[in-house]
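Topology and contacts: notes
Chain by chain, the residues:
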Amino acid sequence: RARLLHALASAAVDSETSFDVLAVTTEAMHLVPADPHTPLRAQVLGVHARANSDRLRDEDASRWAEKALKMAEQLGLADVAADAAMTLSRLDERSGDPESALRTLLRGIDTARTAGEVAAELRGLFSLGSIFYEDGHLAQARSAFESAAERARSSGRPWAPYGIDSRALAGVVAYVDGDWDAALGIVDVAGESPPAMSEAQLASVGLSVHAGRGDLAAVDLL
């Protein structure tokens, strides 16, 4: 049951859902003993930290993420360690410490990349782009988002979470930066076969350019 709850919570924290993810992770925490240290306990700690973070329970989130990171490093679980580091990075950023957030995040990305954990690497690169964008560093933000999108494509998962989101945000950054032709190029799916929702997500970014140019032909696309 704990494994199923962990799988459910892991999917839910990367999507919009109406059920209480924190309740799911809390139950999983009760089901998996704290000792001895096990991979499942580390995994549950990591997703529990993210669930707390999503509910803005930052102190609890930080405590659980630290525990997950320590246990993952002890057990050699690169994916859990990278994910916990990225949760801590987001918490640092939210607390007003972008420098610490950046250091922690870069460590997590490196850990994920070295271990070949693509999902964790994509989340890290997406978070990196978000930090740069929110700080107004558009060139660095676009580079990070484009790196994530390319990594997703090269690993055969271009429409997976954080990969497609990074591609869309790369287009947003290009639009904000005034590079409208590049924005349209980034979101162009000609020759590809995206899921309908992913195609709509990218097309919605392109609509900003069409609106700015007064292109009435885009009304049908809208």
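It should be noted that the structure appears before, not after, this text.
Residues numbered from 1 in each chain as written. Predicted model: local features only at pLDDT ≥ 70, side-chain atom pairs only at ≥ 80, totals over all residues. Heavy atoms only, no water.

In this section: the overall build of the protein. Across its full length, the protein carries twelve helices and zero strands. Counted from the first residue to the last, the protein has its helices and strands arranged as α-α-α-α-α-α-α-α-α-α-α-α. The dimensions of the protein, computed from C-alpha atoms along their principal axes, are 60 × 35 × 30 Å. The burial tally for the protein puts 45% of its 222 residues in the buried class. Partitioning the contacts of the protein with sequence separation of at least 6, the portion at a separation of at least 24 is 54%. Within the structure as shown, the protein displays about 11300 Å² of accessible surface, and the carbon and sulfur contribution to it stands at 52%. (Helix = DSSP H or I, 4+ residues; strand = E, 2+ residues; numbered from the N terminus. Buried < 20%, exposed > 50% of the residue type's maximum accessible area, 1.4 Å probe, protein only. Contact = heavy atoms within 4.5 Å. Areas by Shrake-Rupley, 256 points an atom, 1.4 Å probe, with all protein chains shown as cover.)

Direction vectors running N to C along helix H1 (residues 2–12) and helix H2 (residues 21–31) enclose 150°, while the axes themselves pass 9 Å from each other. In terms of orientation, H1 and H2 fall into the roughly antiparallel class. H1 and H2 meet at a crossing whose hand is left-handed. Residues Ala2, Leu5, Leu8, Ala9 and Ala12 of H1 lie in contact with H2, whose contacting residues are Val21, Val24, Thr25, Glu27, Ala28 and Leu31. Residue classes in the contact of H1 with H2 are distributed as nine nonpolar, one polar and one charged. (Axes fitted to C-alpha atoms, helices over the stretch in contact; angles between N-to-C directions. Parallel < 35°, antiparallel > 145°, perpendicular 65-115°, else oblique. Left-handed = near helix turned anticlockwise from the far one by under 90°. Nonpolar A, V, L, I, M, F, W, Y, C, P; charged D, E, K, R; others polar.)

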